[in-house]
Amino acid sequence: MKIKMIATDIDGTLVTDDKRIMPRTVAALKEARKRGIYVVLCSGRPVSGIQDYLAELGLTGNDDYAITFNGAQAMNVGKHEVVFENGLTDKECIDFIKMADGCGIKSQVVTLNSEIYVTNQDISKYSVEDAFYTHMPLRYRRLEDLPTGMDAAKFMWVDQAEKIAAQLDQIPEELYQKYAIVRSAPWFLEFNNVNATKGHAVLELAAHLGIKPDEIMVAGDENNDLSMLEQIPFSVAMGNGNPHVKEVSSVITEDNNHDGLGLAVEKYVLS
């Protein structure tokens, strides 16, 4: 098996619990890139929210790529060019907001231009934290004052975990057929274009680069990584991954605080 692309989740996979990349993992990924292997960071964040990690790994050239917004967008990092986008319409976002309001759940719209819009004056602390960690501006607008042509990347429930869990059965079953809906964190439930998944995005980017599915290694730890762990033949679950992630993956490595990703790259890509 010759790996030509490593596609990795960030939180809980690439980085430790305190958001650092361990030195051994940095070294392994840099060596892979030096050998001509694409290293693609796949995140629910926008590019602005992963710039520091891209810089630390040296993934800032004209032949480097990143998958953002959980697969809604792929970017050429060095050229700042969009490779593809799979977003939501204004009407879809407004319908989602009304549904969330009816469930008593706080929500937000994240745009492909890296902005967060909320329509509840009592802004969720999770929206504030999301804006802080991703470096996206946070904008309050009344529902009727939302801008047209938002170019939404995704819609999100952003509320206490128990409130989201209690309202999951209020989501019509047909929405699960029409959209990619994923619990990316206990306090986040994301509604995405059906093609805006990490798995679809990895395969679409790989095709763009002339790379076959069996020439890719993917790594992740949470439910929003399942689409790529299930669709790519060689998948790595982190030791801290949830049970479903471990069940569907090819191999299980150490956890994110003990160089799990770096060890997997050394063993399955560099050796």
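Please refer to the structure placed before this passage.
Our subject in this report is the structure included herewith.

Quick notes on the rules
- Residues numbered from 1 in each chain as written.
- Predicted model: local features only at pLDDT ≥ 70, side-chain atom pairs only at ≥ 80, totals over all residues.
- Heavy atoms only, no water.
- Core = buried A, V, L, I, M, F, W, Y, C linked by side-chain atoms within 4.5 Å.
- Buried < 20%, exposed > 50% of the residue type's maximum accessible area, 1.4 Å probe, protein only.
- Helix = DSSP H or I, 4+ residues; strand = E, 2+ residues; numbered from the N terminus.
- Contact = heavy atoms within 4.5 Å.
- Pairing = 2+ DSSP bridges.
- Axes fitted to C-alpha atoms, helices over the stretch in contact; angles between N-to-C directions.
- Arc of directions from axis to C-beta.

Counting residues in hydrophobic clusters, the biggest one holds 30 residues, and the most contacted among them are Ile6, Leu14, Leu41, Met217 and Val265. Every element with two or more residues in this core is listed here: helix 1 (23-34), strand 2 (38-42), helix 2 (51-57), strand 12 (216-220), strand 13 (234-237) and helix 10 (260-270). At five residues, helix 10 tops the list of elements feeding residues into this core. Those residues in contact with Leu14, other than ones at most four positions away along the chain, are Thr8, Asp9, Arg20, Ile21, Thr25, Leu29, Leu41, Tyr53, Leu57 and Leu261. Formed by 23 residues, the second largest nonpolar core is a distinct cluster that contains Phe84, Ile216, Leu229 and Val245.

Judged by pairing direction, the sheet is mixed, and its six strands sit side by side in the order 8-7-6-9-11-10 without closing on themselves. The outermost strands of the open sheet, each flanked by one partner alone, are strand 8 (138-140) and strand 10 (179-185). Recorded for the sheet is a direction-independent mean angle of 25° between the axes of neighbouring strands. Relative to strand 7 (residues 116-118), strand 6 (residues 107-111) runs antiparallel, the two sharing two bridges. By the bridge assignment, Val109 is partnered in strand 7 with Tyr117. Against the sheet, helix 4 (residues 125-134) makes contact with strand 6, strand 7, strand 8, strand 9 (152-158) and strand 11 (188-193), and its axis sits at roughly 165° relative to strand 7, the strand it touches most.

A word on the sheet that holds strand 3 (residues 65-68). The strand order across the open sheet built from eight strands is 5-4-3-2-1-12-13-14, with neighbouring strands paired in mixed fashion. The open sheet has two edge strands, strand 5 (81-85) and strand 14 (251-252), and neither has a second partner. Of the pairings in the sheet, the one linking strand 1 (residues 5-9) to strand 2 comprises five bridges and is parallel in character. Bridge pairing in strand 2 links Thr8 to Leu41.

Every α-helical turn comprises 3.6 residues, leaving residues that sit three or four positions apart pointing alike. Burial in helix 7 (residues 198-208) covers these residues: Lys198, Gly199, Ala201, Val202, Leu205 and Ala206. Each buried residue of helix 7 sits inside an arc of 165° when the element is viewed along its axis, so together they form one side. In helix 7, those exposed residues whose orientation departs by more than 90 degrees from the buried face are Ala207 and His208. Buried residues in helix 7 make contact with strand 1, strand 2, strand 3, strand 5, strand 12 and helix 8 (226-231). Gly210, located one to two residues past helix 7, shows a positive phi value of around 75°.

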